[in-house]
Amino acid sequence: MIALGGVAKKSPFVIQVLADVLNCPIKVAKSEQTVALGAAMFAATVAGIYDKVEDAQKAMGSGFDAVYHPISANVEKYDQLYNKYSRLGEFVEEETK
């Protein structure tokens, strides 16, 4: 997963929590204008400057500032909390029928 923009750059805590909740690594894009850079890569490919988008990515990509890996203990805790939340939701749905 790749995160971009303000929160990804300014809040390591939020991105770590996200990595833990999703249980997958999250890379934070270095570019401040990731969407524009992607559009430029596609434009350069269409213009024939690069044969494939992957070639444009290699030449024009700016890489990543950081990679957040899930912390096992946190993953387990968030799984437990989500299970409690799910059971509560099921209970509320049953009670409102």
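Check the entry above for the structure.
This section reports on the structure supplied with the text. (Residues numbered from 1 in each chain as written. Predicted model: local features only at pLDDT ≥ 70, side-chain atom pairs only at ≥ 80, totals over all residues. Heavy atoms only, no water.)

### Focus on the overall build of the protein chain
For the protein chain, the count of helices and strands is 5 helices and 3 strands. Helices (α) and strands (β) of the protein chain occur, in sequence order from the N terminus, as β-α-α-β-α-α-β-α. A compact globule built from 97 residues would reach a C-alpha radius of gyration of about 13 Å, whereas the protein chain, at 19 Å, exceeds it by more than 25%. Referenced to the eigenvectors of the C-alpha coordinate spread, the extents of the protein chain come out at roughly 60 × 30 × 20 Å. Within the protein chain, contacts between residues at least 6 apart in sequence are counted, and of these 62% link residues at least 24 apart. (Helix = DSSP H or I, 4+ residues; strand = E, 2+ residues; numbered from the N terminus. Rg over C-alpha atoms; globule rule 2.2 N^0.38 Å. Contact = heavy atoms within 4.5 Å.)

### Overview of the side chain of T45
Relative to the helices and strands, T45 is located in helix α3 (residues 34-46). Among the polar contacts listed, one links the side chain of T45 to the backbone oxygen of M41, at a separation of 2.9 Å. Those residues in contact with T45 that sit more than four places away from it in its chain are Y50, D51, K52, V53 and A56. (Polar contact = N/O pair within 3.5 Å; in protein donor to acceptor, adjacent residues only side chain to side chain.)

### Focus: a nonpolar patch on the surface
A contiguous nonpolar surface patch, about 340 Å² in accessible area, is contributed by M1, L18, V21 and L22. With respect to the helices and strands, V21 occurs in helix α2 (residues 12-22). (Patch = residues over 30% accessible without salt bridge, like charges linked within 9 Å, V, L, I, M, F, W, Y side chains within 5 Å. Areas by Shrake-Rupley, 256 points an atom, 1.4 Å probe, with all protein chains shown as cover. Salt bridge = Lys/Arg side-chain N within 4 Å of Asp/Glu carboxyl O.)

### Let's talk about the sheet that holds strand β3 (residues 64-68)
Paired through backbone hydrogen bonds, the strands of a sheet run either parallel or antiparallel to each other. Spatial ordering of the open sheet is given by β1-β2-β3, a layout of 3 strands whose pairing is mixed. The two strands at the open ends of the sheet, each matched to only one other strand, are β1 (2-3) and β3. Strand direction decides the pairing type here: β1 and strand β2 (residues 26-29), joined by 2 bridges, are parallel. By the bridge assignment, A3 is partnered in β2 with V28. (Pairing = 2+ DSSP bridges.)

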